[in-house]
Amino acid sequence: MLSLLLLACQGGSDTADTDAAAEAAWSYPLDDELRLTHVQVKGTHNSYHQRPDPVAVGEWDYSHAPLDVQLDDQGVRQFELDLHAGDGGWAVYHAPLIDQESSCPALSHCLEVLAAWSADHGGHLPIFIFLEPKETVEASDEAYRTMEEELLAGLGADAIVTPDEIRGDAETLADAVAEGWPTLGSLRGRFIFAMLDSGEHRDAYLAASPMLEGRLIFAEGHAGDAWAAVAKPDDPYSAQVAADVAAGLLVRTRADGGLVEDPDRLEVALSSGAHFLSTDFPGEGVSDSDYVVEVPDGTPARCNPVTAPASCTSAALEALR
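Residues numbered from 1 in each chain as written. Predicted model: local features only at pLDDT ≥ 70, side-chain atom pairs only at ≥ 80, totals over all residues. Heavy atoms only, no water.

Next up on the list: the packing of aromatic side chains. Summed over the entire model, instances satisfying the criterion amount to five aromatic pairs. A ring pair is formed by Phe128 and Phe130, whose centres lie 5.0 Å apart and whose planes are at 70°; its orientation type is edge-to-face. By the burial criterion, Phe128 is buried, and Phe130 matches it. When the ring of Phe281 is compared with that of Tyr291, the centres are 5.2 Å apart and the planes differ by 80°; the resulting orientation is edge-to-face. Taken together, the positions of Phe281 in the loop between β9 (276-279) and β10 (302-303) and Tyr291 in the loop between β9 and β10 put the pair ten residues apart, joining distant regions of the chain. Residue classification places Tyr291 among the buried residues on the basis of a relative accessible area of 12%. (Phe/Tyr/Trp six-rings, centres within 6.5 Å; stacked < 30°, edge-to-face > 60°. Buried < 20%, exposed > 50% of the residue type's maximum accessible area, 1.4 Å probe, protein only. Helix = DSSP H or I, 4+ residues; strand = E, 2+ residues; numbered from the N terminus.)

Now the structure itself:
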């Protein structure tokens, strides 16, 4: 059972006491037992997206809430950001000219919003973010290095969970995650990034560091790929989901697609063992539909129905809602 510690300010101005109180504002007694693969949370597709004017394609007719509102009010813990080469930094939007509206038009802005929310919500589960380089991004190590520099500038090195940290002393990332991801106690309040690409960008990123040595971003793969710690089989009906979950990978699948309500698909996704369920419908007001995807009994996470131990409770994962 979760035990939340309620702290009251005392008289005086002892900075050390204040810092200690801030660090002790939350307590999760199962943090040395539960692991990241024991969770199931909601994610959003094109998380920054705002309705364009005019709407050129029907499935673009929606507006997500700002990232911090998704975190606070909708329980979202996984995001997707499309990246374009911009003047002096990375731009975040879907398609040039015809679908370019964004709640955080620059990656630096998105990171600022996330960092501020994290600072105000001690003990949150790690926030998982897919970065998708789009057609304006050159498939080059130079481009990826500047991308990583922006992540470091926005969040700081300590806040980012790296492939090196997860691999540890194992020969491959696949070997490491097969033995188990770190416990939640070592990951709270941090961020995990993965490249949403299985083609030229992934291959170029791996070319310089085949096991992602010294990198900040995980590479998409599947069970059997030595570098793989993260998978994104879109189809929850696919046998690939179960294979990737069994191999210890963090798995994202889609609970819907194309702005189409799909309760049956949602139920399959919920029972699949996938850790992140990406949706276009994380809350009310996103589109004209009143359909909303929720994680049952999530606070906002729930215990993964395939991987979590019997001791797991939703409140032991996170209790910020």
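Still more ground to cover, so stick around.
This next bit is on the side chain of His124. Relative to the assigned elements, His124 resides in the loop between α3 (107-120) and β4 (127-133). Excluding anything up to four places from it in sequence, His124 contacts Trp117, Ser118, Arg188, Gly189, Arg190, Glu318 and Leu320. (Contact = heavy atoms within 4.5 Å.)

Attention now moves to helix α8 (residues 239-246). Within the sequence span of α8, burial applies to Val241, Asp244 and Val245. Buried positions in α8, seen along its axis, are confined to an arc of 100° and lie on one side of it. Exposed side chains of α8 directed beyond 90 degrees from the buried face belong to Ala239 and Ala246. Contact partners of the buried residues in α8: β7 (230-231) and β8 (250-254). Where α8 starts, the residue carrying a side-chain oxygen 3.0 Å from the main-chain nitrogen of Gln240 turns out to be Ser238. Immediately downstream of α8, the backbone of Gly248 shows phi near 90°, a positive value. (Arc of directions from axis to C-beta. Polar contact = N/O pair within 3.5 Å; in protein donor to acceptor, adjacent residues only side chain to side chain.)

In a disulfide, the sulfur atoms of two cysteines are held together by a covalent bond. Evaluated as defined, the whole model comprises two disulfides. Note on cysteine connectivity: Cys303 is disulfide-linked to Cys312, with sulfurs 2.1 Å apart. Torsion about the S-S bond of the Cys303 and Cys312 cystine: about -90°, corresponding to left-handed handedness. Looking at Cys303, the relative accessible area reads 19%, which means it is buried. (Disulfide = S-S within 2.5 Å.)

Before going further, it helps to examine the packing of helix α4 (residues 141-155) against helix α7 (residues 200-208). One way to put it is that α4 packs onto α7 with a least axis distance of 9 Å and a crossing angle of 85°. Taken as axis vectors, α4 and α7 run roughly perpendicular relative to one another. Residues Asp141, Tyr144 and Glu148 of α4 form the contact with α7, whose own contacting residues are Glu200, His201, Ala204, Tyr205 and Ala208. Across the contact of α4 with α7, the residue classes tally to four nonpolar, one polar and three charged. (Axes fitted to C-alpha atoms, helices over the stretch in contact; angles between N-to-C directions. Parallel < 35°, antiparallel > 145°, perpendicular 65-115°, else oblique. Nonpolar A, V, L, I, M, F, W, Y, C, P; charged D, E, K, R; others polar.)

Let us now look at empty space enclosed by the protein. This structure, assessed with the given rule, holds one cavity of 30 Å³ or more. Taken as a whole, the largest cavity spans an internal volume of roughly 30 Å³. Leu36, Val39, Val41, Arg77, Leu125, Pro126 and Phe276 together form the lining of the largest cavity. (1 Å grid on protein atoms, 1.4 Å probe; cavity = no way out; pocket = protein on both sides within 12 Å on 5 of 7 lines; lining within 4 Å. Points joined across faces, edges and corners; volume = space filled by probe spheres on them.)

Moving on, we come to the pairing of strand β3 (residues 89-92). Looking at chain direction, strand β2 (residues 76-86) and β3 are connected through four bridges and run antiparallel. Residue pairing across strands places Gly86 opposite Gly89, the latter belonging to β3. Turn length for the β2-β3 hairpin, with the two strands adjacent in sequence and antiparallel, is two residues, and the turn residue Gly88 shows positive phi of about 80°. (Pairing = 2+ DSSP bridges.)

To continue, consider the confidence of the model for the protein chain. Overall, the predicted model of the protein chain reaches an average pLDDT of 92, with 92% of residues at or above 70. A low-confidence stretch, residues 1-16 (pLDDT under 50), is modelled with 14 contacts involving residues beyond four sequence positions or located in other chains. Considering only residues more than four positions removed or in separate chains, one finds that residues 18-23, a stretch of pLDDT under 50, has one contact. (pLDDT = per-residue confidence, 0-100.)

To continue, consider the nonpolar core. Grouped together as the largest cluster of nonpolar side chains are 84 residues, with contacts concentrated most on Leu131 and Phe193. Contact partners of Leu131, with chain neighbours within four places excluded, come to Leu81, Leu83, Leu107, Met147, Leu151, Phe193, Ala194, Met195, Leu196 and Ile217. (Core = buried A, V, L, I, M, F, W, Y, C linked by side-chain atoms within 4.5 Å.)

Okay, unusual backbone geometry next. With omega at 5°, the peptide bond leading from Asp53 into Pro54 counts as cis. Topologically, Pro54 is positioned in the loop between β1 (39-44) and α2 (67-73). In this structure, the amide linkage connecting Thr299 to the following residue, Pro300, adopts the cis form with an omega of 5°. With respect to the helices and strands, the residue Pro300 is situated in the loop between β9 and β10. Positive phi outside glycine occurs at Asn46, with the angle close to 45°.

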